[in-house]
Amino acid sequence: KQNPKAKCVYIAPLKSLARERLKEWSKRLGAPPLKWKVLELSGDTSHDSRALNNSDVLICTPEKWDLISRGWRGVPGDLASSSNASNGKRFVREV
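Now for a look at the structure at hand. (Residues numbered from 1 in each chain as written. Predicted model: local features only at pLDDT ≥ 70, side-chain atom pairs only at ≥ 80, totals over all residues. Heavy atoms only, no water.)

Side note on the sheet that holds strand E2 (residues 38–41)
The 3 strands lie next to each other as E1-E3-E2, forming an open sheet whose pairing is parallel. At either end of the open sheet lies a strand with only one pairing partner, and these are strand E1 (8–11) and E2. Direction aside, neighbouring strands of the sheet carry axes that sit 20° apart on average. Summarising the sheet, E1 and strand E3 (residues 57–60) pair through 4 bridges and their orientation is parallel. (Pairing = 2+ DSSP bridges. Helix = DSSP H or I, 4+ residues; strand = E, 2+ residues; numbered from the N terminus. Axes fitted to C-alpha atoms, helices over the stretch in contact; angles between N-to-C directions.)

Focus on unusual backbone geometry
Across the junction of Pro32 and Pro33, the peptide omega takes the value 5°, indicating a cis bond. Tracing the sequence through the fold places Pro33 in the loop between helix H1 (15–30) and E2. With phi around 55°, Lys35 is a residue other than glycine that occupies positive phi space. Within the secondary structure, Lys35 sits in the loop between H1 and E2.

Some details on the pairing of E2
A two-sided burial pattern is seen for E2, the buried positions comprising Val38 and Glu40 on one face and Leu39 and Leu41 on the other. Each parallel crossover has a hand, and for E2 linked through helix H2 (residues 49–54) to E3 it is right-handed. (Buried < 20%, exposed > 50% of the residue type's maximum accessible area, 1.4 Å probe, protein only. Right-handed = clockwise from strand over helix to strand, strands pointing away.)

Description of the nonpolar core
Listed in full, the 8 residues of the largest apolar core are Tyr10, Ala12, Ala18, Leu22, Leu29, Val38, Val57 and Ile59. Put simply, the parts of the chain that give this core at least two residues each are H1 and E3. The element contributing the most residues to this core is H1, with 3 residues. The contacts of Leu29, once residues within four sequence positions are left out, are Leu34, Lys35, Trp36, Val38 and Val57. (Core = buried A, V, L, I, M, F, W, Y, C linked by side-chain atoms within 4.5 Å. Contact = heavy atoms within 4.5 Å.)

Let's talk about helix H3 (residues 62–70)
Those residues of H3 that fall on the buried side of the exposure criterion are Trp65, Ile68 and Ser69. Around the axis of H3, the buried residues are gathered within 90° of arc, so they sit on the same side. Counted as exposed and oriented over 90 degrees from the buried face of H3: Glu63, Leu67 and Arg70. Structurally, H3 contributes buried residues whose contacts are with E1, E2 and E3. (Arc of directions from axis to C-beta.)

Side note on the environment of Val38
Among the secondary structure elements, Val38 is positioned in strand E2. Sequence spacing of Val38 and Leu52 is 14 residues, and the spatial spacing of their C-alpha atoms is 9.7 Å. Other than its neighbours up to four places away in sequence, Val38 contacts Leu22, Trp25, Ser26, Leu29, Val57 and Ile59.

Structure below.
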């Protein structure tokens, strides 16, 4: 990885779709050679900041993403530190 602190965020419109993506992508992306950690964030899940920081791919519902991105706090370089685009966060919308 060029940037080990980088995250990929997928926003699923429904919890059921988020769960499907978690199962599918954990198998595909969690296997060698990538060995990425995939984490689901929805109303049914609860994770601490360590789990968020150790993940490579976040699968979120819109409501959970809103809560997380508004409440980012922490030390510089931490996923929870800031939501400013100037901090290297980029948003890509799939068309």
